[in-house]
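Observations on chain architecture
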Amino acid sequence: MIESNNTFRDQCLSGLLAGRGPGRCLIIGEVAQSHDGSLGMAHSFIDAVARAGADAVKFQTHIASEESTPQEPWRIKFSRQDESRYEYWQRMEFSEDQWRGLKQHADDSGILFLSTPFCVKAADLLQNIGMSVWKIASGEIGNRPLLKHIAATMSPIILSSGMSDWEELDDAVALVKESGNPLAVLQCTTVYPCPPEKIGLNLLNEFRGRYSVPVGLSDHSGTIFAGLAAAMLEAEVLEVHVALSREMFGPDVPASVTTSELRQLVDGVRQIERMIDSPVSKTEIAKEMQPLRTLFTKSLVAGSDMPAGTVLSEEHLKLKKPGMGLQASDIPKLLGRRLGRDVKADELLQLSDLEISEIAAANT
C-alpha cells in the first residue's frame, strides 16, 4: 500500500484525503467548457467525475470583459450561436453564487474543486468561494500580475507549460518558488487532440531535474494511454479532459476521454502505483511459487516399458506432467546409466531406479 508522505496530492486534497484512498498521483478530470454554458451540465460533470474515482474536477472561470476583446479570433469556429469568441466567453460565465454552488457540490461529492482563472477578477471570485488549489493555464504562464496575485494566497499551484519556452517557464517557476507556494509543473502540448509523438513524456524527468518539484502531464490525447505512461514515470499530477460522451458538442471533445474511460484510467494509475511501490524479490517469488511447480512443470518419465539393465539414452526419456520428479536439468545424470529395476512407460524416474553402483556417480 502506498503510504501518505506529504506528497503534492496530500497537500492539495488536505481534508479530503481520508476519503480518497491511497495514491501518489493527483488525478484531475478537466471539464473546461464542455458544459457549454449549462449550469446543470456542469453539475452533471461533477457527479460523473466523482463516480469515476478522480481526485478533482476542474473547470475554467472566464469573465469576458476582463480577459478578452471583441476582436479575439476563434481557435476553431465551432459555435453556431456565438458570433464571436468574445460572445462565447460571455455565454460561459457563471455568477459567483453559481460557482459557489459548483464548489459545494464537489465538496459534498468528496472531490477537490478546481477552476482555472483567466484574469485577476476571476481569481478573486474563486478565492471568495474558498478554492484551495490553483491551476494556471498554458496561455497565462507569462501573465506575471495574475501569477503574483495567485501566489499571494500561499496555496498549491499547478503550472501547465503547453505553449512556453524554457525562459518563460523558468521565470514562472521562480516566481512561484520565491513566494513559497507548493508547486507542480505539468508537461502539456497544446494540440487538440495531441498525437503520441507530441506528448513529450521525456520532459517529466527533465522538469524534475531542472526544478526539483512534483511534475505531471496535462493530456490532450483523448486516450488513456498517455496518462498510464505518465503513471509509469511516477507523475504526481495527471490532468485529462473529460466528456460525458464522444457525441457531445464542443471543441475539446476530440481531445477528451469519456467518464467511463476516466474510470479505467484511475484504476490503471492506482494499480501502476502499487506495482512501482511494491518491488519483489525473485528469490522470494520463486519460493512462493514452489507449490505450483508440480502443476506447471514436467518430470522425467520412462518413454516405454524398460527392463532392468537398460542403458538409458535420450530416446528412453520423456518429459511429462506432473513436475514431482526429476527435472529436465537432471537428464545428464541419467544418460548412459543402467536401470536397477524394471520400469513401466510413463513411470516417474528417480535416481534410486538406477543400479546401486550408478547412483553415487549420478549424484556427483
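Just so we're clear, the structure is a prediction, and the values are computed from it rather than from any experiment.

About the cut-offs
Position numbers for residues count from 1 along each chain, tracking the sequence in the order it is written. Local features in this predicted model are restricted to residues whose pLDDT is 70 or higher, and side-chain atom pairs enter the listing and the counts only when it is 80 or higher, whereas totals over whole chains, interfaces and linings include all residues. Here the side-chain values reflect all heavy atoms present in the structure, with hydrogen atoms and water set aside. Segments assigned H or I by DSSP are reported as helices when at least four residues long, segments assigned E as strands when at least two residues long, and all are numbered from the N terminus. We compute the radius of gyration over the C-alpha atoms and compare it with the globule rule, which gives 2.2 Å times the number of residues raised to the power 0.38. Note on contacts: a residue pair qualifies if any of its non-hydrogen atoms lie within 4.5 Å across the two residues. Shrake-Rupley sampling with a 1.4 Å probe provides the accessible areas, and residues are treated as covered by the protein chains on show and by no other component. Just so you know, the count uses Lys and Arg for positive and Asp and Glu for negative, and it drops His and the chain ends. Note that the charge is assigned to NZ on lysines, CZ on arginines, CG on aspartates and CD on glutamates. As used in this structure description, the phrase polar contact means that two N or O atoms lie within 3.5 Å; if the pair is within protein, one of them must be able to donate a hydrogen and the other to accept it, and residues adjacent in sequence are counted only when both atoms belong to side chains. Between rings of Phe, Tyr and Trp, where Trp is taken as its six-membered ring, a pair exists when centres lie within 6.5 Å; planes separated by under 30 degrees are stacked, by over 60 edge-to-face, and by other angles tilted. Any residue under 20% of the maximum accessible area for its type is buried, any over 50% is exposed, and the rest in between are partly exposed; the area is computed with a 1.4 Å probe on protein chains only. We define a salt bridge as a contact between a side-chain nitrogen of Lys or Arg and a carboxyl oxygen of Asp or Glu at a distance within 4 Å. By nonpolar core we mean a set of buried residues, namely Ala, Val, Leu, Ile, Met, Phe, Trp, Tyr and Cys, connected to one another through side-chain atoms within 4.5 Å. At least two bridges found by DSSP between two strands is the condition for calling them paired. Handedness rule for crossovers: strands pointing away from the viewer, path from the first strand over the helix to the second running clockwise, crossover right-handed. Axes here refer to lines fitted to C-alpha atoms; in helices the fit is confined to the stretch in contact. Angles between the N-to-C directions go from 0 to 180 degrees. Each angle receives one of four descriptions, namely roughly parallel if under 35 degrees, roughly antiparallel if over 145, roughly perpendicular if within 65 to 115, and oblique otherwise. We call a crossing left-handed when the near helix sits turned anticlockwise from the far one by less than a right angle, and right-handed when that turn is clockwise.

Before going further, it helps to spend a moment on the overall build of the chain. Counting secondary structure elements, the chain contains 14 helices and 11 strands. Relative to its length of 364 residues, the chain is extended, with a C-alpha radius of gyration of 31 Å against a globular reference of 21 Å. Along the first, second and third principal axes, the C-alpha atoms of the chain reach 100 × 45 × 35 Å. Of the contacts formed within the chain by residues at least 6 apart in sequence, a portion of 65% connects residues at least 24 apart. A total accessible area of about 17,100 Å² is found for the chain, and carbon and sulfur atoms account for 52% of it. Side-chain charges in the chain split into 36 positive and 49 negative, and the spacing between the mean points of these groups amounts to 6 Å.

Moving on to the side chain of Arg24. Mapped onto the elements of the fold, Arg24 is located in the loop between helix H1 (8–13) and strand E1 (26–32). Here the side chain of Arg24 touches Asp277 through a polar contact of 2.9 Å, side chain to side chain.

Next up on the list: the packing of aromatic side chains. Inspection of every chain in the model, using the stated rule, returns 7 aromatic pairs. When the ring of Trp166 is compared with that of Phe207, the centres are 5.7 Å apart and the planes differ by 85°; the resulting orientation is edge-to-face. Placement of Trp166 in helix H8 (residues 166–179) and of Phe207 in helix H9 (residues 202–211) is noted, with a sequence separation of 41 residues between them. Residue Trp166 is classed as partly exposed on the basis of its relative accessible area of 29%.

Enumeration over the complete set of coordinates arrives at 21 salt bridges. Between Lys135 and Glu239 there is a salt bridge whose closest N-O contact spans 2.8 Å. Pair noted here: Lys135 is in strand E4 (residues 134–136) and Glu239 is in strand E8 (residues 237–243), with a separation of 104 residues, a long-range link. The two residues Lys135 and Glu239 agree in class, both being buried. Among the ionic pairs, Asp330 bridges to Lys333, the shortest N-O distance being 3.3 Å. Residue Asp330 is classed as buried on the basis of its relative accessible area, which comes to 12%.

Looking along the chain, the bond that leaves Tyr192 and enters Pro193 is cis, with omega of -10°. Counting through the fold element by element, Pro193 comes out in the loop between strand E6 (183–188) and H9. Residue Lys321 is joined to Pro322 through a cis peptide bond whose omega torsion reads 5°. Inspection of the secondary structure puts Pro322 in the loop between strand E11 (317–320) and helix H13 (331–334). Backbone geometry at Asp36 places phi at a positive 55°, although glycine is not the residue there. Relative to the elements of secondary structure, Asp36 occurs in the loop between E1 and helix H2 (39–51).

The next subject is the nonpolar core. Grouped together as the largest cluster of nonpolar side chains are 64 residues, with contacts concentrated most on Phe113, Ile157, Leu159 and Leu262. Apart from residues no more than four positions distant in its own chain, Leu262 is found in contact with Ile27, Val49, Ala52, Ala54, Val240, Val242 and Val257.

The next subject is the pairing of E1. Side chains on a regular strand alternate between the two faces of the sheet. Within E1, 7 of the 7 residues are buried, which leaves the element mostly enclosed by the surrounding structure. Neither face of E1 is exposed, since Leu26, Ile28, Glu30 and Ala32 on one face and Ile27, Gly29 and Val31 on the opposite face are all buried. For E1 and E8, the ladder comprises 5 bridges, and the chain directions are parallel. In the strand pairing of E8, Gly29 is matched with Val240. Taken together, E1, H2 and strand E2 (residues 56–61) form a β-α-β motif whose crossover is right-handed.

Two elements in contact, helix H10 (residues 225–232) and helix H11 (residues 259–276), have axes whose closest approach is 9 Å; the angle formed by their N-to-C orientations is 20°. In terms of orientation, H10 and H11 fall into the roughly parallel class. Relative to H11, H10 is oriented so that their crossing is right-handed. Two secondary-structure elements touch here, H10 through Gly227, Leu228, Ala231 and Met232 and H11 through Leu265, Gly268, Val269, Ile272 and Ile276.

Remember that the coordinates give geometry; whether it matters functionally is a separate question.
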